[in-house]
Amino acid sequence: MPLDYLLKTEPSEYSFADLQRDAVVMWDGVTSPAAVKHLREMSPGARLVIYETGDRKSVAGTATVVSVDASDPKNPAVRIKAGKGLAKKISLAQIKSDKLFADSPLVRQGRLSVVPLTKAQYKALTGS
């Protein structure tokens with residue numbers, strides 16, 4: 001069973017709306033060794049939550065991993081497909097106040113751009 005992940009993006013650079021417009025994209029620009037490790041671990045079909053940073057600081061929508069090529073371990077090629085926007089945006093403050101996320105790297109390592117999620121965390125963020 002593939003893990004679920006949260007991907008952070010700066011909406012002024014590339015927003016969830018941009019992802020929906022483009023439909024399928026290569027998720028790149030990740031440089032943190034811990035985040036790159038999580039990209040390498042992804043597998044096709046993994047469910048993703050897209051989180052917008054900056055002024056928005058909220059979960060914007062979902063996506064799915066289409067393919068992963070980890071032949072270059074420092075720059076894995078991960079293609080993702082846009083999913084649906086969330087009717088109710090969940091803010092970082094709401095996430096931090098939820099005990100389900102107390103031990104999550106999302107809360108503990110705030111600058112990490114690729115964060116693994118448990119099934120329960122994914123459901124809390126997406127409602128599904």
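Scroll up for the structure.
Parameters at a glance
As a convention, each chain's residues are numbered from 1 in the sequence order in which they are written. Reporting in this predicted model follows two pLDDT cut-offs: at least 70 for local features of residues, and 80 or more for side-chain atom pairs to be given and counted; totals over whole chains, interfaces and linings ignore these cut-offs and use all residues. The side-chain quantities take in all heavy atoms of the structure and omit both hydrogens and water. Aromatic pairing here means that ring centres of Phe, Tyr or Trp (its six-membered ring) are within 6.5 Å. Orientation follows from the plane angle: under 30 degrees is stacked, over 60 is edge-to-face, and everything else is tilted. Strands here mean DSSP runs of E at least two residues long; helices mean DSSP runs of H or I at least four residues long; both are numbered from the N terminus. Burial classification: accessible surface area is computed with a 1.4 Å probe over protein chains only, and a residue below 20% of its type maximum counts as buried, one above 50% as exposed, and the rest as partly exposed. When DSSP finds two or more bridges between a pair of strands, those strands are recorded as paired. Between N-to-C directions, angles cover 0 to 180 degrees, with each direction set by a line fitted to C-alpha atoms, over the stretch in contact for helices. Here, two residues are considered to be in contact whenever any of their heavy atoms come within 4.5 Å of each other. Picture the helix axis, draw a direction to every C-beta atom, and the arc is the one those directions span.

Before going further, it helps to examine the packing of aromatic side chains. Applying the stated criterion across every chain yields a total of one aromatic pair. Measuring from ring centre to ring centre gives 6.5 Å for Tyr14 and Trp27, while their planes differ by 80 degrees; the resulting arrangement is edge-to-face. Taken together, the residues span a long stretch of sequence, with Tyr14 in the loop between β1 (4–9) and α1 (16–22) and Trp27 in strand β2 (residues 24–27) at a distance of 13 residues. Taking the relative accessible area as the measure of exposure, Trp27 reaches 7% and is therefore buried.

Turning our attention to the sheet that holds β1. Reading across from one edge, β2-β5-β4-β3-β1-β6 is the order of the six strands in this open sheet, with mixed pairing throughout. Of all strands in the sheet, those bounded by a partner on one side alone are β2 and β6 (114–117). Neighbour-to-neighbour, the strand axes of the sheet open up by a mean angle of 40 degrees, direction not taken into account. Contacts from helix α2 (residues 33–41) reach β1, β2, β4 (58–69), β5 (77–91) and β6, with the element oriented near 55 degrees to β6. Of the strands in this sheet, β1, β3 (47–52), β4, β5 and β6 are in contact with helix α5 (residues 119–126), which crosses β3 at around 50 degrees.

Think of an α-helix as turning once every 3.6 residues; residues three or four places apart then point the same way. Residues of α5 that are buried: Gln121, Tyr122, Leu125 and Thr126. Taken end-on, α5 shows its buried residues confined to a sector of 115 degrees, consistent with a single buried face. Here the buried face of α5 lies against β1, β3, β4, β5, α3 (92–97) and β6. Looking one or two residues beyond α5, the residue adopting positive phi is Gly127, at roughly 80 degrees.

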